[in-house]
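Observations on chain architecture
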Amino acid sequence: MIQRKKRIVMFMPHRADPDEGVRVAADLLPLELLQIAALPEQAGYEVVIVDAMVHDDYMERLYELCDGALCFASSCILGFQVAHGARVAKKIRERFPDLPMIWGGWFPSVAPELYFEEGIADAVGLGQGELTFWDVVQALDSGEDLTSVPGLLVQRDGKPVYTDHRPVVGFDSIPDAPWHLIDYEEYVARQQNTGPWKMRHKYPDPWDLPAGTPVRGFSYFSSFGCPEPCTFCCSPIVTGRRWKAIPGKQLAERLLECHDRFNFNVMRFQDANFGVAEKRSNEFCEGLIEAGSPFFWSGCYEIETLWRYKESSMDLMRDSKCHMISVGAEAGAKEQQEKIKKDIDVDHFEYSLGAMNKRNITTGCSWIIGYPGETRESMMETIRVAAEMKYKFPRSASDIFPFRPIPGTEDFDTSVELGYQAPNTLEEWGGCLEYKLEIDDLQLPDEVVTTWKRYGVASTFYDGLAMEGSHLMRRAMKGISGWRLKRSNYTFPIEHKLFHAYVRLTRQDRKHILNGSTEENLDRTPGVTPSAPV
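So, here is what we can say about the structure in this document. (Residues numbered from 1 in each chain as written. Predicted model: local features only at pLDDT ≥ 70, side-chain atom pairs only at ≥ 80, totals over all residues. Heavy atoms only, no water.)

**Observations concerning unusual backbone geometry**
Of note in the backbone geometry, K321 takes a positive phi value of approximately 75° without being a glycine. Tracing the sequence through the fold places K321 in the loop between α12 (311-319) and β15 (322-330). Among the residues examined, K321 registers a relative accessible area of 26% and is labelled partly exposed. Not every positive phi belongs to a glycine, and K341 is a case in point at roughly 65°. (Helix = DSSP H or I, 4+ residues; strand = E, 2+ residues; numbered from the N terminus. Buried < 20%, exposed > 50% of the residue type's maximum accessible area, 1.4 Å probe, protein only.)

In structure tokens, the structure reads:
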């Protein structure tokens, strides 16, 4: 019997706060941890992943596993995950003060010094983490100083020390994820029994999925980085605009093997930008088609990428059962597109979204208002164009989010220069990214805020997503909302106020529809709800 090496404990914090009545869709597997676990696990280390999404007893598990472990490692992105990860790490640090703690992921990469200020890090990985973490594991096991490991921030004599830069590498240097480290059926169970919580980041089910078919969702990383120079995104600084990807044919083979093993029927790529290379996209689609396209899939493409794709390439996406793509439209005005360096031709929105929708591929399109220095006219134009796209493509999302300054971006620095007061603690950072909800600190013009809220209500009714009220009432609201979206007319929304009063008086609001669910089980985060009187 082969003796396993020392234990590595990995923890995935909650991505949304269950105490606020929300959870995140459970097809989001802990890919960040699986990626960095591959090399140590392959070398014989005992690697254990604890995921708060499926392990309700995560603290008990962590206390037991961390006793005698080589290290504790965690990863997070900006949002509640930052706060929850820090809370858990402080408890672990208190019980095991000498246990090395390693952090990585998008947020630690751009705000690494905070983790030392709060006493919960011995090293923070910067950027791509697979090789960095493997080197950290070997250094810890051999007693070597971590300053010898490239791609880290460590602390010596109370001062931050940035080690040598680590370049981005291709996937040929990284083994496939060690899937046996998670129990996939635990994630399926959470997908199929969501309980009373509101789900965040859940993609719509494929239109062609037979009615009543239980969804078995899966997710996968197939690339790292993004070549785009967007000023609101931290990827240009973290990745140096490098994009590395698994070749299309090999990717299809890997996912088909995963399908044989896990029998999923819907798969989403968690890549920042899946569709960069048309040839790769085609080879991937062709590989799935040759195998009979056994599952639906989704990924992130760009408006300009789709504009350049051949019709035959988009046909391959359809025939391989691509059911949805996420696209970042970002701004409706040409001048703002140039400022954020996205530089989408605003005349290409309709073609690119239409090319997908006519192939029965849903588009999840996102827009942003309130960039630093953005004019009222520019914001109103974004709302207008978003509404136009929503009306023309009613089965697809066209969501508008207020701008959030993300550290490690050009726009963050500009925001600070303009007076933005950034959070100072991990707890504060964990509560700052309710994109669609918290707007008090943005100082947007009142007219823009009112129009944005009314747009949100109208698009929700137009989508048919409102669950309150009778069918006839929702149908009437859908018709009125379509009229508003088509004309970008949100004045005197008396129907919103009447609907709000109607569902309260008839007890057809969400609380009563959920058959006696308590307030503790409802989404209590602030925001625009279908019945909000705005």
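On we go.
**Some thoughts on the packing of aromatic side chains**
All told, the structure shown has 29 aromatic pairs when counted by the stated rule. Ring centres of F107 and Y115 lie 6.4 Å apart, and the angle between their planes is 65°; this geometry places the pair in the edge-to-face category. The residues F107 and Y115 share a single accessibility class, namely buried. Among the aromatic residues, those joined into a cluster by ring pairs are W179, Y184, F218, Y220, F262, F264 and F295. Its end group placed over the ring of Y63, R95 keeps NZ or CZ at 3.7 Å from the ring centre. Taking NZ or CZ as reference, K321 lies 4.3 Å from the ring centre of F296, over its face. (Phe/Tyr/Trp six-rings, centres within 6.5 Å; stacked < 30°, edge-to-face > 60°. Lys NZ or Arg CZ within 6 Å of the ring centre and 35° of its normal.)

**Quick look at the nonpolar core**
Within the largest apolar cluster, 100 residues are counted, with the highest numbers of intra-cluster contacts made by W179, F218 and W297. Setting aside residues no more than four positions away along its own chain, W297 makes contact with M267, F269, F274, F284, C285, L288, M317, S320, K321, C322, H323 and M324. Core analysis: the next-biggest nonpolar cluster, separate from the first, contains 41 residues, F72, A86, A111 and C432 among them. (Core = buried A, V, L, I, M, F, W, Y, C linked by side-chain atoms within 4.5 Å. Contact = heavy atoms within 4.5 Å.)

**Looking at the sheet that holds strand β13 (residues 266-269)**
Spatial ordering of the open sheet is given by β10-β13-β14-β15-β16-β17, a layout of six strands whose pairing is parallel. Strands with a single pairing partner mark the edges of an open sheet, and in this sheet they are β10 (217-220) and β17 (397-402). Neighbouring strand axes in the sheet, compared pairwise and without regard to direction, differ in orientation by 20° on average. Examined bridge by bridge, β10 and β13 share four bridges and lie parallel to one another. Across the sheet, the residue bridging to S219 is R268, located in β13. Running over the sheet, helix α9 (residues 248-262) touches β10 and β13 and is turned about 150° from β10. (Pairing = 2+ DSSP bridges. Axes fitted to C-alpha atoms, helices over the stretch in contact; angles between N-to-C directions.)

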